[in-house]
Amino acid sequence: MFPSKALLSIVLIALSAVDASPLRREAAPTLAFNARMNARASDVNIADADRARAQAMINASFSKRAGSSSFSIASAVTAYTAQVGVGSPATQYTLLIDTGSSNTWVGANTPYTRTNTSVDTGNSVSVSYGSGRFSGEEYLDTVTLSSDLVITGQSIGVAKNAQGFNGVDGILGVGPTDLTQGTVSNVGLVPTVTDNLYSKGAIGTEALGVYFAPGGSAGELTFGGSDSSKTTSSVNYVPLTTTSPSSEYWGIDQSIAYGSSTILSATAGIVDTGTTLILIATDAFEKYQSATGATLDSNTGLLMITSDQYANLQTLNFNIGGTSYGLTPNGQIWPRSLNTDIGGSSDNIYLVVNDIGSNSGNGLDFINGYSFLQRFYSVFDTTNHQVGFATTSSTSAVSN
């Protein structure tokens, strides 16, 4: 699931803007990705996995991030992977896409193949994640995301040891650069793939648009802006929060109302592709559970409602920068076709809103994860220190 304290030390204009920045919205280079259920999903309580990631983010001291600087989607029930080429000629690797970590690395399964473009820097690299880690050597090499997105001299980690990455070769880290601090020996910060695309002039704005296709089958990353063919509204931007620890990731301020009743007052949290559910502070979660009449299912860790309760479910409204993003009743439930993949019953109705594990006031009181982002297009804009959202054709879909 994210920007640096250095960026946030800049005075931000506290004004929500609609398409206020000159972000490229047409013909921007894109990278398609696929979604798949994690092979370990049947052994994972989806809520516990998300909550562990959230608590690690809340409790981690930014000054102590060396060696444990980011949190990946390796343990997520739903994983998003892209085919990425490294070297020339390129070897193709299946990499997890994560906006919550920033190191790009390969070698967890498919071995790294050295070519004429490979440069061993002699530096070691090590990153620990919520449920795994890798360590190895740093190389500079050519990384090919697509025919329009070729990066020469990109820092990559080559794993000698990797734990917790079954079925994938590594991570494509597209989070804030500061999350690389302390991960590579003899180096301060490591430029990300997005950093290098921008510095080399391949994109005009250091921004990343994220689109999840309805049903979780596929999606698209747009480098340098947003893809208007995937949206049904203008992109509304809000400045990054200055509240720690949310400010260390892609953090924003928002409030949440169930119907017309506020369950979480304006506070800071983050937007994170690496979190499957929507997590909210414990006190807000208790209000949501009470309002919906849901009961906790011990097998999945999710709230469960009856058909009658689903019929009476109200819209969950996320107020972000003065714009309300309404998560419909159907958007609040787990896709029923995937119930058995998370240890649930095919006939049950599960809610995707869950407990973050701590009361509000911790500086990270919510996580708008995949369950939110599959209904709204998102843009992570480093250049203009902002995050944007837009509606899509799936915002009001009833596919779940």
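Every chain begins its residue count from 1, and numbering advances along the sequence as written. A pLDDT threshold of at least 70 governs which residues receive local features in this predicted model, and a stricter bar of 80 or more applies before side-chain atom pairs are shown or counted, although totals over entire chains, interfaces and linings include all residues. Only heavy atoms go into the side-chain values, all of them from the structure, while hydrogens and water stay out.

Draft legend 1. Looking closely at the nonpolar core. In this structure, L145 and I280 are the most contacted members of the largest nonpolar core, which totals 82 residues. Of all the elements, helix α2 (residues 46-59) adds the most residues to this core, at five residues. Two residues qualify as a contact provided that any one of their heavy atoms is within 4.5 Å of a heavy atom in the partner residue. Ignoring any residue separated from it by four or fewer positions in sequence, one finds I280 in contact with I256, I263, F285, Y288, V353, N354, D355, I356, D365 and F366. Formed by 12 residues, the second largest nonpolar core is a distinct cluster that contains W105, V127, F165 and I171. Within this scheme, the nonpolar core is defined by two criteria: the residues are buried Ala, Val, Leu, Ile, Met, Phe, Trp, Tyr or Cys, and they are joined through side-chain atoms within 4.5 Å. Relative accessibility under 20% of the residue-type maximum defines a buried residue, over 50% an exposed one, and the middle range a partly exposed one, all with a 1.4 Å probe and only protein chains included. Working definition: helices are DSSP H or I runs of at least four residues, strands are E runs of at least two. Numbering for both runs from the N terminus.

Draft legend 2. Quick look at the side chain of D381. Examined against the element boundaries, D381 turns out to sit in strand β23 (residues 376-381). For D381, a relative accessible area of 0% corresponds to the buried category. Contacts described as polar in this section are N or O atom pairs within 3.5 Å, which, within protein, must combine one atom able to donate a hydrogen with one able to accept it, while residues neighboring in sequence count only if both atoms come from side chains. Engagement of the side chain of D381 in a polar contact is seen with the backbone nitrogen of T383, the distance being 3.1 Å.

Draft legend 3. Seen up close, the packing of aromatic side chains. Stacked, tilted and edge-to-face are the three classes applied to pairs of Phe, Tyr and Trp rings, where Trp contributes its six-membered ring and a pair requires centres within 6.5 Å; stacked means planes under 30 degrees apart, edge-to-face means over 60, and tilted covers the rest. Taken as a whole and judged by the stated rule, the model has 11 aromatic pairs. Relative to Y370, the ring of F212 has its centre 5.2 Å away and its plane inclined at 90 degrees; by these criteria the two rings are edge-to-face. A residue pair is termed long-range when its members are at least 10 positions apart, and F212 in strand β10 (residues 207-212) and Y370 in helix α6 (residues 370-373) qualify at 158 residues. With centroids separated by 5.8 Å and ring planes inclined at 85 degrees, the aromatic side chains of F372 and F389 adopt a geometry described as edge-to-face. Residue F372 is found in helix α6, and its partner F389 is found in strand β24 (residues 386-391); the two are separated by 17 residues along the sequence. The residues F372 and F389 share a single accessibility class, namely buried. Members of the aromatic cluster, joined through ring pairs, are F318, Y325, F372, F376 and F389. Charge over a ring is defined by NZ of Lys or CZ of Arg lying within 6 Å of the ring centre and within 35 degrees of the ring normal. Positioned over the ring face of Y211 is K230, at 5.7 Å from the centre of the ring. R336 extends its terminal NZ or CZ atom over the ring of Y310, reaching a point 5.5 Å from the ring centre.

Draft legend 4. Molecular detail of the sheet that holds strand β16 (residues 295-296). Overall, antiparallel pairing links the three strands, which are arranged β16-β17-β20 in an open sheet. Of all strands in the sheet, those with a lone pairing partner are β16 and β20 (349-350), marking the two edges. Pairing of β16 with strand β17 (residues 303-305) involves two bridges; the strand directions are antiparallel. Looking at β17, one finds that L296 is bridged to L303. A pair of strands is labelled paired if DSSP reports no fewer than 2 bridges between them.

Draft legend 5. Summary view of helix α4 (residues 282-292). Those residues of α4 lying buried are T282, A284, F285, Y288 and T292. End-on view of α4: buried residues confined to an arc of 155 degrees, all on one side of the axis. Throughout, the arc means that of the directions going from the helix axis to the C-beta atoms.

Draft legend 6. Region of interest: the confidence of the model for the chain. For the chain, the average pLDDT comes to 84, and 84% of its residues sit at 70 or higher. Considering only residues more than four positions removed or in separate chains, one finds that residues 1-22, a stretch of pLDDT under 50, has 69 contacts. Per-residue confidence from the predictor is given as pLDDT, running between 0 and 100. In the predicted structure, residues 61-76 sits below a pLDDT of 50 and forms 67 contacts with residues beyond four places in sequence or in another chain.

Draft legend 7. Up close: the sheet that holds strand β15 (residues 278-280). The seven strands lie next to each other as β19-β18-β13-β14-β22-β15-β21, forming an open sheet whose pairing is mixed. Looking at the sheet topology across the chains shown, the edges are occupied by β19 (323-327) and β21 (353-355). Geometrically, the sheet is characterised by an average inter-axis angle of 35 degrees between neighbouring strands, direction not taken into account. Sheet topology note: the strand β13 (residues 251-258)/strand β14 (residues 261-271) ladder contains seven bridges and is antiparallel. For I252, the partnering residue across the bridge sits in β14 and is G269. Axis angles are defined between N-to-C directions and span 0 to 180 degrees, where every axis is a line fitted to C-alpha atoms and, for a helix, only to the segment in contact. Most of the contacts of α4 go to β21, to which it runs at about 135 degrees, and overall it touches β13, β14, β15, β18 (316-320) and β21.

Draft legend 8. Representation of the environment of V210 within the structure. Relative to the helices and strands, V210 is located in strand β10. Setting aside chain neighbours within four positions, we find V210 in contact with E220, L221, T273, Y377, S378 and F380.

Draft legend 9. Region of the structure containing unusual backbone geometry. A cis amide bond links S88 with the next residue in sequence, P89, at an omega value of 0 degrees. With respect to the helices and strands, the residue P89 is situated in the loop between β3 (78-86) and β4 (91-98). S244 connects to P245 through a cis peptide bond whose omega is 5 degrees. As for its placement among the helices and strands, P245 is situated in the loop between β12 (236-239) and β13.

Draft legend 10. Structural view of the pattern of salt bridges. Note on definitions: salt bridges are taken to be side-chain nitrogens of Lys or Arg within 4 Å of carboxyl oxygens of Asp or Glu. For the structure shown, the criterion picks out four salt bridges. Two residues, K230 and E220, come together in a salt bridge whose shortest N-O distance is 3.5 Å. Note that K230 is positioned in the loop between β11 (218-223) and β12 and E220 in strand β11, a separation of 10 residues in sequence. We classify K230 as partly exposed; its relative accessible area is 23%. Among the ionic contacts, a cluster of salt bridges with common partners joins E220, D227 and K230.

Draft legend 11. Region of the structure containing the environment of T110. Structurally, T110 is set in the loop between β5 (105-106) and β6 (119-128). On the accessibility criterion, T110 (29% relative accessible area) is partly exposed. Distance from T110 to D169, taken between C-alpha atoms, is 5.9 Å for residues 59 residues apart in sequence. Discounting residues that sit within four places of it in the chain, T110 has contacts with T91, Y93 and D169.

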